[in-house]
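The residues making up each chain are set out below.
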Amino acid sequence: MNVINNIRQLRSWSSINRGTRCVFVPTMGALHEGHAALIRAARELAGQSGNVVVSIFVNPLQFGPNEDFSKYPRTLVEDLAICRDNGADAIFAPKAEELYLPDRSIQLFETSLSKTLCGASRPGHFDGVCTVVAKLFNLVQCDEAVFGKKDYQQLAIIRRMVRDLDYNIIIHGIDTIREPDGLAMSSRNRYLNADERAQAPVLRAALVKAREAYIKGGERDGKMLRQMILDQIAAEAPLGRVDYIEVVDAATLQTPTEATQLVAIAVAVFFGSARLIDNIELK
Ligand code: AMP
């Protein structure tokens, strides 16, 4: 496994590997079993003859001024072992100075899908995500890329970016990997104290119950579904502070319409300083 820290090395690795199918997994590190599943999926897609590239980069551009950029966990040694064990061929782990020059003056803006859900409470976040992913796509020169459905809005925005900017890259969405009690795995789960950790699985439980109400109970009223989830969080997780609960069209992330093919519910709830997100598709 090649560990690459700068653009010059990456470009020379890419030129040596030109013509070899490349599947890319962008991450911010602090890797867990969710990331491992993405790397294994990438390995499958690349086949034995292809290459799997994982990037590890805590992207300053996607953090707001009062967010957790400086305390975001950085565990490079453990991350490299997880990458190796799950079949990565190359790791790109640049320093921030390598990707962002002090006088840089060009970046991407997303003007529609990022205005709801997480984007509404994290202004500029998805502009930062698009900018870094576009740069990484340009650098890694991959044929396919793998993202988690856990970050549902991010996946929709990356698909839109690939469409709107004509990247010739196939985007794959991978199901969320969970702890045995249902909590979606996240690098931020380590911020939870014992009481918060005990209450956090309510997100999954409430989403599953809402899905049952939608599928088995025929409940189509988004407001009712939302209220059910809110009530369950209030009853079972008094430490949780709801940021949003939204019933949306999975493709547009807007309120479902007659044309909606797939409905999803997305939630974000603070437990202490940790902002946890989860979602469920109603199918
Ligand atoms: P992050 O390091 O948090 O930026 O995430 C890197 C990639 O891993 C993103 O595509 C995430 O959606 C994905 N990911 C994070 N947590 C999980 C999980 N529990 N299951 C599946 N994918 C995940």
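Located above this text is the structure these notes cover.
Nothing here was measured: the structure is a model prediction, and the numbers come from that model.

Rules of the game
Residues numbered from 1 in each chain as written. Predicted model: local features only at pLDDT ≥ 70, side-chain atom pairs only at ≥ 80, totals over all residues. Heavy atoms only, no water. Pairing = 2+ DSSP bridges. Helix = DSSP H or I, 4+ residues; strand = E, 2+ residues; numbered from the N terminus. Axes fitted to C-alpha atoms, helices over the stretch in contact; angles between N-to-C directions. Contact = heavy atoms within 4.5 Å. Near = heavy atom within 4 Å. Polar contact = N/O pair within 3.5 Å; in protein donor to acceptor, adjacent residues only side chain to side chain. Areas by Shrake-Rupley, 256 points an atom, 1.4 Å probe, with all protein chains shown as cover. Buried < 20%, exposed > 50% of the residue type's maximum accessible area, 1.4 Å probe, protein only. Phe/Tyr/Trp six-rings, centres within 6.5 Å; stacked < 30°, edge-to-face > 60°. Core = buried A, V, L, I, M, F, W, Y, C linked by side-chain atoms within 4.5 Å.

A. Quick look at the sheet that holds strand β3 (residues 51-56). Pairing is parallel in the open sheet, where six strands are placed in the order β1-β4-β3-β2-β5-β6. The strands lining the two open edges of the sheet, one partner per strand, are β1 (2-4) and β6 (170-174). Each adjacent strand pair in this sheet contributes to an overall mean axis angle of 25 degrees, direction not counted. Its contacts with the sheet place helix α1 (residues 7-16) against β1, β3 and β4 (90-92), and it is angled at close to 140 degrees to β1. In the packing of helix α2 (residues 33-46) onto the sheet, the strands contacted are β2 (22-27), β3, β5 (144-148) and β6, and the crossing angle to β2 comes to about 170 degrees.

B. Spatial organisation of the site of the ligand. What surrounds the ligand is a group of 17 residues, the closest being H35, G148, D151, I177 and M185. At 2.6 Å, a side-chain N or O of D151 approaches an oxygen atom of the ligand. The backbone of M185 places a nitrogen or oxygen atom 2.8 Å from a nitrogen atom of the ligand. With the chains in place, 93% of the 480 Å² that the ligand exposes on its own is no longer accessible. For the shell around the ligand, the element with the most residues is α2, which contributes three residues.

C. Looking closely at the environment of G128. With respect to the element layout, G128 can be found in helix α6 (residues 125-140). The exposure class assigned to G128 is buried, which follows from its relative accessible area of 1%. Sequence separation between G128 and F109 is 19 residues; the distance between their C-alpha atoms is 8.1 Å. Apart from residues no more than four positions distant in its own chain, G128 is found in contact with N59, L61, Q62 and Q107.

D. Structural detail: the environment of E67. Following the sequence through the fold, E67 ends up in the loop between β3 and α3 (76-85). Overall, the relative accessible area of 29% leaves E67 in the partly exposed class. Residue contacts for E67: discarding those within four places in its chain leaves Q62 and R122. A distance of 2.9 Å separates a polar side-chain atom of E67 from the backbone nitrogen of G64. Within the structure, the side chain of E67 is placed 2.7 Å from the side chain of R122, a separation counted as a polar contact.

E. Looking closely at the packing of aromatic side chains. Enumeration over the complete set of coordinates arrives at six aromatic pairs. Here F24 and F137 contribute two aromatic rings whose centre-to-centre distance is 6.2 Å and whose plane-to-plane angle is 70 degrees, an arrangement assigned as edge-to-face. Separated by 113 residues along the polypeptide, F24 in strand β2 and F137 in helix α6 bring together distant segments of the chain. Note on F24: relative accessible area 0%, which makes it buried. Accessibility expressed as a relative area gives 2% for F137, which makes it buried. Taking the centre distance of 6.2 Å and the plane angle of 50 degrees together, the rings of F57 and Y100 count as tilted.

F. Region of interest: the sheet that holds strand β7 (residues 240-249). Spatially, three strands are ordered β7-β8-β9 in an open sheet, and the strand pairing comes out antiparallel. Of all the strands in the sheet, the pair left with one neighbour each is β7 and β9 (274-281). Each strand axis lies, on average, 15 degrees off the axis of its neighbour in the sheet, ignoring direction. As paired strands, β7 and strand β8 (residues 263-271) are joined by nine bridges and run antiparallel to one another. When the sheet's bridge partners are listed, V247 is paired in β8 with I265. The strands that helix α9 (residues 202-215) touches are β8 and β9; relative to β9, the one it contacts most, it runs at about 25 degrees. Across the face of the sheet, helix α10 (residues 222-236) comes into contact with β7 and β8 while running at roughly 155 degrees to β7.

G. Quick peek at the nonpolar core. One finds L99, F137 and I171 to be the most contacted residues of the largest nonpolar core, which totals 47 residues. Apart from residues no more than four positions distant in its own chain, I171 is found in contact with F137, A145, F147, L155, I158, R159 and V162. F63, Y72, A206 and A274 belong to the second largest nonpolar core, which has 30 residues in total.

H. Representation of the side chain of R275 within the structure. Along the chain, the position of R275 falls in strand β9. For R275, a relative accessible area of 15% corresponds to the buried category. Polar contacts involving the side chain of R275 include one to the side chain of D243, which spans 3.0 Å. With near-sequence residues (within four places) excluded, R275 lies in contact with C118, S121, R122, R188, D243, Y244, A268, V269 and F270.

That's the geometry; what it means functionally is another story.
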